[in-house]
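What follows is each chain in one-letter form.
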Amino acid sequence: MQDILQSDLPDFCRKPTVVLGVGNILFGDDGFGCAVVDYVEAHYPVPEAVCLLDVGTGVRKLLFTLCLSPARPQRLLILDAIDAGRCPGEIFEIDPAEIPPVKLDDFSLHQLPTSNLLRELQETCGVEVRVLACQTGPLPEEICQGLSKAVNGAVPQAAQWLVREYFSRATASRVNNIFAASCEQAGGMV
């Protein structure tokens, strides 16, 4: 079997930081994660070390690929909407280990088996996994595009949190990698 070259792998396997906006934009507030990705792309420069993707409802395949890949990111952030009984539009973090197993049969991608893949990446593969969630309002009975006022108002807040937590770390990581490479070339002298 031929060895896989690092350059043959997708960006989400090769970059040190991966941010995934998750959700169904045709199902009201469930499109929150995708809206945050769109907002960040429109308002902030994305560092080279960050792979920012709107994965819609296709996150399971991507996470499965990450679990099997010979290269993985150091950090993974999932942006998603969830009904956790909080105030609509409230932003909060969920530890992947704390996603309630009672949601086993949910189609929603922030539930099992997706949560199993997140735990696998964290516990077995050594990837730092975080989930930033937004409390949904009532989800529509039928297809209905667009976020509620409360969840739409949370999009810029989540974008600011993402930039503060991940973009500065990615830039610092890239600077440290460049510095380390230049030290190696100089024979370890600074």
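Computed from a prediction, not measured in an experiment: that's the story for all the values here. (Residues numbered from 1 in each chain as written. Predicted model: local features only at pLDDT ≥ 70, side-chain atom pairs only at ≥ 80, totals over all residues. Heavy atoms only, no water.)

*Asks:* How should I be thinking about the nonpolar core in this particular structure?
*Replies:* Soluble globular proteins tend to pack their nonpolar side chains together in the buried interior. In terms of nonpolar packing, the biggest core is built from 27 residues, with Leu20, Leu63, Leu76, Ile78 and Leu121 touching the most fellow members. At the level of secondary structure, the elements contributing two or more residues to this core comprise helix H1 (11-14), strand S1 (17-22), strand S2 (50-56), helix H3 (59-68), strand S3 (75-82), strand S4 (91-94), helix H4 (114-123) and strand S5 (128-135). For this core, the element with the highest residue contribution is H3, accounting for 5 residues. Contact partners of Leu76, with chain neighbours within four places excluded, come to Val18, Leu20, Leu63, Leu118, Leu121, Val127, Glu128, Val129, Arg130 and Tyr166. (Core = buried A, V, L, I, M, F, W, Y, C linked by side-chain atoms within 4.5 Å. Buried < 20%, exposed > 50% of the residue type's maximum accessible area, 1.4 Å probe, protein only. Helix = DSSP H or I, 4+ residues; strand = E, 2+ residues; numbered from the N terminus. Contact = heavy atoms within 4.5 Å.)

*Asks:* Help me understand the sheet that holds S1, please; the structure alone is not making it clear to me.
*Replies:* Each strand in a sheet pairs with its neighbour through backbone hydrogen bonds, running either in the same direction (parallel) or in the opposite one (antiparallel). Across the sheet, 5 strands lie side by side as S2-S1-S3-S5-S4; this open sheet has mixed pairing. Two strands lie at the open edges of the sheet, namely S2 and S4, each paired on one side alone. In this sheet, adjacent strand axes meet at a mean angle of 20° when their direction is disregarded. Relative to S2, S1 runs parallel, the two being bridged by 6 bridges. Looking across to S2, one finds that Val19 is bridged to Leu52. (Pairing = 2+ DSSP bridges. Axes fitted to C-alpha atoms, helices over the stretch in contact; angles between N-to-C directions.)

*Asks:* What should I look at first to understand H3 in this one?
*Replies:* Turn by turn, an α-helix covers 3.6 residues, leaving residues three or four places apart pointing in a common direction. Among the residues of H3, those classed as buried are Val59, Leu62, Leu63, Leu66 and Cys67. Considered in projection along H3, the buried side chains sweep an arc of 140° and stay on one side of the axis. Of the residues in H3, the exposed ones pointing more than 90 degrees away from the buried face are Lys61 and Leu68. (Arc of directions from axis to C-beta.)

*Asks:* How do you make sense of the packing of aromatic side chains when you look at a structure like this?
*Replies:* For any two aromatic rings, the description comes down to two numbers: the centre-to-centre distance and the angle of the planes. Using the criterion set out here, one finds 1 aromatic pair in the structure. Here the basic side chain of Arg86 rests over the ring of Phe92, its NZ or CZ set 3.9 Å away from the ring centre. (Phe/Tyr/Trp six-rings, centres within 6.5 Å; stacked < 30°, edge-to-face > 60°. Lys NZ or Arg CZ within 6 Å of the ring centre and 35° of its normal.)

*Asks:* Would you mind going over the confidence of the model for the chain with me for this structure?
*Replies:* Detailed reading of the predicted coordinates is not advisable wherever pLDDT is low. This prediction gives the chain a mean pLDDT of 81; 77% of its residues lie at or above 70. Confidence, expressed as mean pLDDT per element, reaches its minimum in the chain at helix H5 (residues 149-185) with 74 and its maximum at helix H2 (residues 32-43) with 97. Contacts for the low-pLDDT stretch residues 102-107, under 50 throughout, to residues beyond four places or in other chains number 7 contacts. Counting interchain partners and residues more than four positions distant, the pLDDT-below-50 stretch residues 174-190 has 5 contacts. (pLDDT = per-residue confidence, 0-100.)

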